[in-house]
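# Structural features, examined
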Amino acid sequence: MKSISVIGSGTMGNGIAHVFAQHGYTVSLIDIKSEFLEKGLATISKNMDRQVAKGAISAEEKETSLARISTFTSLEEGVKNADLVVEAATENMSLKLDIFRQLDQFSPAKSILATNTSSISITKIAAVTKRPAQVIGMHFMNPVPVMKLVEVIRGYATSDEVTQTIMGLSRNLSKDPVEVNDYPGFVANRILMPMINEAIYSLYEGVAGVSEIDTVMKLGMAHPMGPLQLADFIGLDVCLSILRVLHDGFGNPKYAPCPLLVNMVEAGFKGVKTGEGFYQYTPGNKDLVVSPRFSK
């Protein structure tokens with residue numbers, strides 16, 4: 001494993017590219033527009049600057065790591081030499097299936113094809129390729145350069161060899177991989193999303209306010225971030241998408257998204273990415289301010 005292709009230069013994609021490059025791998029970062037790639041590289045550089053300021057890496061190591069990353073707007077060109085492809089595109093089933101059909105066509109026969117999906121079936125994704133044994137889930141946590149966990153998800157046909165390769169590779173990235181099987185939401189989101197959904201229901205039903213709900217979970221359960229703030233950080237649209245995957249996959253009403261979450265996403269209030277969710281977010285202001293829509 002030397003050459004890594006990462007599809008998507010957004011929050012997760014640029015974080016994954018950052019970690020691979022920092023650990024000595026040659027990285028091809030792929031997106032549909034050059035301006036997306038430029039923004040992704042700028043984010044990587046900024047995050048590495050933070051590491052330099054903290055003494056985690058040297059300025060020379062930063063420059064060496066950045067030099068390992070090349071950018072492509074052509075999927076075919078970006079994956080033609082890949083030992084491993086990590087797809088980190090938008091959490092959309094039809095988009096991911098289309099990408100994997102193309103990856104199967106354009107990447108070398110030896111390539112392992114991984115997806116960073118947080119909930120979509122690895123087995124279903126693998127089924128659109130001619131190499132299902134070489135398709136696996138590699139679910140990094142956000143922010144990727146900081147969080148240690150990688151959920152390594154085996155599809156129904158994923159081989160033992162590929163699974164062990166990805167477990168070992170994750171350890172080479174100074175991550176702690178956990179092997180799980182392919183069921184809706186895997187482990188992380190199967191447990192996390194119902195908690196977030198229940199927190200939103202508690203707000204929706206008037207049990208308590210935004211800051212009160214988050215304070216109970218932070219002080220009472222030792223969570224570093226309350227569930228409503230965490231939902232804003234993840235993206236309310238992403239939370240809704242994952243809950244729908246859980247609801248559809250299990251057919252259990254306990255996974256039904258709260259109507260308040262549905263309304264907020266449809267109205268465009270998606271959390272940090274849009275500047276408002278359960279809290280308001282202003283550039284340069286680190287204070288946690290409850291959205292006026294939920295203020296008493």
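- Under the annotation held in an unreviewed UniProt entry, the chain carries the name 3-hydroxybutyryl-CoA dehydrogenase and is attributed to Algoriphagus lacus.
- Looking at the chain in UniProt, the text filed under Sequence similarities (unreviewed entry) is "Belongs to the 3-hydroxyacyl-CoA dehydrogenase family."

## Overview of the nonpolar core
- Counting 33 residues, the largest nonpolar core has I16, F20, L84, V86, M138, F140 and I166 as the members making the most contacts within it.
- A per-element tally of this core places helix α1 (residues 11-22) first, with six residues.
- Beyond its immediate sequence surroundings of up to four residues, M138 is in contact with F20, L84, V86, A114, T115, N116, V150, E151, I153, I166, L169 and S170.

## Quick notes on the packing of helix α8 (residues 188-204) against helix α12 (residues 259-266)
- Contact geometry of α8 with α12 gives a least axis separation of 8 Å together with a crossing angle of 95 degrees. Between α8 and α12, the angle is such that the two are roughly perpendicular. Counting all contacts with α8, which are made through N197, I200, Y201, L203 and Y204, the residues of α12 involved are P259, L260 and L261.
- Looking at the contact of α8 with α12 residue by residue, the classes come out as seven nonpolar, one polar and no charged.

## Side note on the environment of D31
- Secondary-structure assignment places D31 in the loop between β2 (26-30) and α2 (34-53).
- Sequence separation between D31 and A88 is 57 residues; the distance between their C-alpha atoms is 10.0 Å.
- Apart from residues lying up to four places away in sequence, D31 is in contact with G8, S9, G10, F36, L37, F72 and T73.
- Side-chain polar atoms of D31 contact the side chain of S9, separated by 2.6 Å.

## Observations concerning the UniProt feature "binding site: NAD(+)" (unreviewed entry) in the chain
- The sites that carry the UniProt feature "binding site: NAD(+)" (unreviewed entry) are, in the present numbering, G8, S9, G10, T11, M12, G13, D31, E91, K96, S118, N142 and K273.
- With respect to the helices and strands, G8 occurs in the loop between β1 (3-7) and α1.
- G8 gets classed as buried once you look at its relative accessible area, which sits at 10%.
- Contacts of G8, omitting those with residues within four sequence positions, involve G13, N14, L29, I30, D31 and A88.

## Remarks on the packing of aromatic side chains
- By the definition in use, this model includes four aromatic pairs.
- Ring centres 5.5 Å apart and planes at 85 degrees place the aromatic pair F20 and Y25 in the edge-to-face group.
- Residue classification places F20 among the buried residues on the basis of a relative accessible area of 0%.
- Judged by its relative accessible area of 9%, Y25 is buried.
- Seen in terms of ring centroids, Y201 and Y204 are 6.2 Å apart; in terms of plane orientation they differ by 70 degrees. Their pairing is edge-to-face. Separated by three residues within a single helix, Y201 and Y204 lie in helix α8, roughly one turn from each other.

Reading guide: rules and limits
- Residues numbered from 1 in each chain as written.
- Predicted model: local features only at pLDDT ≥ 70, side-chain atom pairs only at ≥ 80, totals over all residues.
- Heavy atoms only, no water.
- UniProt positions renumbered as here; feature names shortened; annotations may be inferred.
- Core = buried A, V, L, I, M, F, W, Y, C linked by side-chain atoms within 4.5 Å.
- Buried < 20%, exposed > 50% of the residue type's maximum accessible area, 1.4 Å probe, protein only.
- Helix = DSSP H or I, 4+ residues; strand = E, 2+ residues; numbered from the N terminus.
- Contact = heavy atoms within 4.5 Å.
- Axes fitted to C-alpha atoms, helices over the stretch in contact; angles between N-to-C directions.
- Parallel < 35°, antiparallel > 145°, perpendicular 65-115°, else oblique.
- Nonpolar A, V, L, I, M, F, W, Y, C, P; charged D, E, K, R; others polar.
- Polar contact = N/O pair within 3.5 Å; in protein donor to acceptor, adjacent residues only side chain to side chain.
- Phe/Tyr/Trp six-rings, centres within 6.5 Å; stacked < 30°, edge-to-face > 60°.

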